[in-house]
Amino acid sequence: MRALAINDISCVGKCSLTVALPVLSACGITVDILPTALLSTHTGGFTGYTFLNLDDEMTKICSHWETLGLKYDVIYSGYLGSRAQIDFVKGLKKRFLKSGGKFVVDPVLGDNFTFYKGFDAAFAREMLSLCAIADYILPNETESYLLTGERDFTKALAKLAEICPHPVITGADTPEGYRIYYWENGEKTMRLHKVEGNFHGAGDVFAAAFAGCIARGCSLKGALAVSAEFCTRAIERTAVEVTDRKYGINYEKELSILTDAFKNI
Ligand code: PXL
């Protein structure tokens, strides 16, 4: 089982590839990486960070990989640094996804109903066109709004379902607590326990675990159950252990949830 994770390297502030590598590995999958940018820290909450866009390097890396005949069971994409990069990633499905393989897109755009630094409406439109070729998309509540213009989760989910077979809205803040909204066979369901507060990087931990579960052959419901449990435990641990939330969530001691889930298959 082999997955390709396309995401940035934020050297500090656990998210993106520094999270995808251990989480997908804990699912028992070989994970190759395609870095989209190199940053000293992520952009959410730090100031003065460095940013190196890797557009040119991505092109060269992928040309080399073609000579190796690499093909993936799952391609999972996250933070992309430019509109040109989104366009490039669209082409990777054809070049590197096995026939019958799954394409999981986390359309990283923003949080707290605002864009992350450097992103705008044109970027969101380009991201929507990437979502349209995915098997699964994992927008958070802000991203579902930025992609559809709908704040109502049910309406946003319905719009997303018109372009992608399995949209999943994560971290939806509802009067009953944080929920995941998804749609399977016309049925809209919610899960995830309430945990107070906004945790940076939780979406990336969830997305990596979800992509790992899909790679291991889980159904949508099965993948959501395992990844929601893993993410919830990590968030609960972080709520107790960490004061500065921009450094990410403490998922490391919960990785056994993933190794245990897949130890006999
Ligand atoms: O966690 C999403 C994310 C990924 N990569 C970078 C980010 C963010 C959110 O702030 O800045 C570089």
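All figures in this text were calculated on a predicted structure; none of them were measured in a lab. All residue numbers here refer to positions counted from 1 along the written sequence of the relevant chain. Restriction of local features to residues with pLDDT of at least 70 applies here, the model being predicted, together with a cutoff of 80 or more for giving and counting side-chain atom pairs; totals for whole chains, interfaces and linings are based on all residues. Side-chain metrics in this entry use all non-hydrogen atoms of the structure; hydrogen atoms and water are not considered.

Colleague: Before we go on, may I ask you to explain unusual backbone geometry in this structure?
Modeller: A negative phi angle characterises most non-glycine residues, just as the trans form characterises most peptide bonds. Phi angles above zero are rare outside glycine, and S16 is one such case at about 50°. Mapped onto the fold, S16 is located in helix α1 (residues 16–26). For N112, which is not glycine, the phi torsion reads 50° and is therefore positive. Only DSSP runs of H or I reaching four residues or more are called helices, and only runs of E reaching two or more are called strands; each is numbered from the N terminus. Counting through the fold element by element, N112 comes out in the loop between β6 (110–111) and β7 (114–115). Burial classes follow relative accessibility: with a 1.4 Å probe on protein chains only, a residue under 20% of its type's maximum area counts as buried, one over 50% as exposed, and anything between as partly exposed. The exposure class assigned to N112 is exposed, which follows from its relative accessible area of 54%.

Colleague: Teacher, can you tell me more about the nonpolar core here?
Modeller: Here is a general trend for soluble globular proteins: nonpolar side chains tend to be buried in one another's company. Of all hydrophobic cores here, the largest spans 46 residues; its most connected members are V23, Y76, F210 and L258. Those elements that provide at least two residues to this core are β1 (2–12), α1, β4 (72–77), β10 (177–184), α7 (202–215) and α8 (220–241). Here the element with the most residues in this core is α7; it accounts for 11 residues. Two residues qualify as a contact provided that any one of their heavy atoms is within 4.5 Å of a heavy atom in the partner residue. For L258, the residues in contact, after removing those within four places along its chain, are V23, A26, C27, A209, V226 and F230. Put simply, buried Ala, Val, Leu, Ile, Met, Phe, Trp, Tyr and Cys residues joined by side-chain atoms within 4.5 Å make one nonpolar core. Of all hydrophobic cores here, the second largest spans 40 residues; its members include L70, L80, L92 and L146.

Colleague: It is not clear to me how the pattern of salt bridges should be interpreted in this structure. Could you clarify?
Modeller: When charged atoms on two side chains of opposite charge get close, those side chains can pair. Salt bridges are counted wherever a side-chain nitrogen of Lys or Arg sits within 4 Å of a carboxyl oxygen of Asp or Glu. Throughout the structure, instances matching the rule amount to 14 salt bridges. Across the pair E252 and K14 runs a salt bridge whose closest N-O atoms are separated by 3.0 Å. Residue E252 is located in the loop between α8 and α9 (256–261), and its partner K14 is located in the loop between β1 and α1; the two are separated by 238 residues in the primary sequence. We classify K14 as partly exposed; its relative accessible area is 22%. For K246, the salt bridge identified is with D244, shortest N-O distance 3.0 Å.

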